[in-house]
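Listed below are the residues making up each chain.
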Amino acid sequence: MFGPQKTQECRGRKNRGLAFICSGLTTLSLVFSHGEAFAASIDEEIAELKSAVTAHADEVFKFEQGVLHPVDTRLAVFLTLASRDVLDLDSVELFVNGKPAASHLYTGKENASLQQGSIQQLFIGNLANGEHELKAVITARAANDRFVRRETSHRFQKRPGVLRLQMALEAKAPEFEPRVSVVEWK
């Protein structure tokens, strides 16, 4: 068990172990040097895949918009404030042919944005060609601190193609009674 033979046998194992470790390190250094090139090629493949996925997502979105909102039947309704600083909108409800189409409750930021001249898209959808009615129910606080609720209706003719309607709200002093005008965009 003990003696010169056992000692030499143990030393031989240590040398083989050291040789194994050295060969492993050499292999690892080769893997790392090739791994950098491998990692670079993987990064390139990932970048290519990302751009392909982005292009595919754009195509799917365009297809989806074409199916959900065909250009021939599209109706879009936008809201603007013609008289700024006169009305603080509380809510707008929109009905197309008596059916609810959209409703919106306004925040302070949204009111400020509208008062600075922005345009809000209230509704986008499909509508068959022919005679239709758009009804809006508007609740707002006027400049004289009164809450007002107004209903307005607008009859229009839908023709092939996109129809864009702009609802402009205004209220003039001293009554500050809201008035809604509907204009068709060309």
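Owing to the predicted nature of the structure, the values given are computational and were not obtained by experimental measurement.

J.: What's the story with the overall build of the protein chain in this structure? I'm lost.
T.: Along the protein chain, the regular secondary structure elements total two helices and eight strands. In the protein chain, the succession of α and β elements from N to C terminus is α-β-β-β-α-β-β-β-β-β. For the protein chain, buried positions account for 28% of its 186 residues. Put simply, of all contacts in the protein chain between residues at least 6 apart along the chain, 64% involve residues at least 24 apart. Carbon and sulfur atoms provide 58% of the accessible area of the protein chain, an area that totals close to 12700 Å².

J.: Sorry if this is basic, but what is going on with the pattern of salt bridges here?
T.: Where charged atoms from two side chains of opposite charge come close, those side chains can pair. One pass over the full model with this rule turns up four salt bridges. Here Glu-131 ties to Arg-155 by a salt bridge, and the two come within 3.7 Å at their closest N and O atoms. With a gap of 24 residues between them, Glu-131 in strand 5 (residues 130-142) and Arg-155 in strand 6 (residues 147-158) connect regions that are remote in the sequence. Judged by its relative accessible area of 45%, Glu-131 is partly exposed. Sharing partners across several salt bridges, the network here consists of Glu-131, Glu-133 and Arg-155.

J.: Would you explain the sheet that holds strand 7 (residues 163-172) in this entry?
T.: For sheets, the rule is that strands pair by backbone hydrogen bonds, running either parallel or antiparallel. Reading across from one edge, 4-1-7-8 is the order of the four strands in this open sheet, with mixed pairing throughout. The open sheet is flanked by strand 4 (120-126) and strand 8 (177-185), the only strands paired with a single partner. The mean inter-strand angle of the sheet, taken between neighbouring strand axes irrespective of direction, is 20°.

J.: How should the packing of aromatic side chains be read in this particular structure?
T.: How two aromatic rings sit relative to each other is set out by the distance from centre to centre and by the angle between their planes. Under the criterion given, the structure shown has one aromatic pair. Ring geometry for Phe-78 and Trp-185: centres 4.7 Å apart, planes at 20°, overall stacked. Linking Phe-78 in strand 1 (residues 74-81) with Trp-185 in strand 8, this pair joins segments that are 107 residues apart in sequence. For Phe-78, a relative accessible area of 12% gives the class buried. A residue is classified by how much of its surface remains accessible, and Trp-185, at 27% relative accessible area, is partly exposed. One residue, Lys-135, lies across the ring of Phe-95, its end atom 5.4 Å from the ring centre.

J.: Which parts of the structure should I look at to understand the pairing of strand 8?
T.: Side-chain positions along a regular strand alternate between the two faces of the sheet. Here nine bridges tie strand 7 to strand 8, and the two strands are oriented antiparallel to one another. Note on strand 8: the bridge partner recorded for Glu-170 is Arg-179. What sits between the antiparallel neighbours strand 7 and strand 8 is a turn of four residues, in which Phe-176 has the positive phi angle 55°.

J.: Any chance you could explain the nonpolar core here in plain terms?
T.: Generally speaking, nonpolar side chains in soluble globular proteins are found buried as a group. Counting 30 residues, the largest nonpolar core has Leu-75, Leu-79, Leu-89, Leu-94, Leu-134, Met-167 and Leu-169 as the members making the most contacts within it. Every element with two or more residues in this core is listed here: strand 1, strand 2 (87-96), strand 4, strand 5, strand 6 and strand 7. With sequence-adjacent residues up to four places away left out, Leu-134 is seen in contact with Val-77, Leu-94, Phe-95, Val-96, Thr-152, Ser-153, His-154, Phe-156, Leu-165 and Met-167.

The rules we used
Residues numbered from 1 in each chain as written. Predicted model: local features only at pLDDT ≥ 70, side-chain atom pairs only at ≥ 80, totals over all residues. Heavy atoms only, no water. Helix = DSSP H or I, 4+ residues; strand = E, 2+ residues; numbered from the N terminus. Buried < 20%, exposed > 50% of the residue type's maximum accessible area, 1.4 Å probe, protein only. Contact = heavy atoms within 4.5 Å. Areas by Shrake-Rupley, 256 points an atom, 1.4 Å probe, with all protein chains shown as cover. Salt bridge = Lys/Arg side-chain N within 4 Å of Asp/Glu carboxyl O. Pairing = 2+ DSSP bridges. Axes fitted to C-alpha atoms, helices over the stretch in contact; angles between N-to-C directions. Phe/Tyr/Trp six-rings, centres within 6.5 Å; stacked < 30°, edge-to-face > 60°. Lys NZ or Arg CZ within 6 Å of the ring centre and 35° of its normal. Core = buried A, V, L, I, M, F, W, Y, C linked by side-chain atoms within 4.5 Å.

That's the geometry; what it means functionally is another story.
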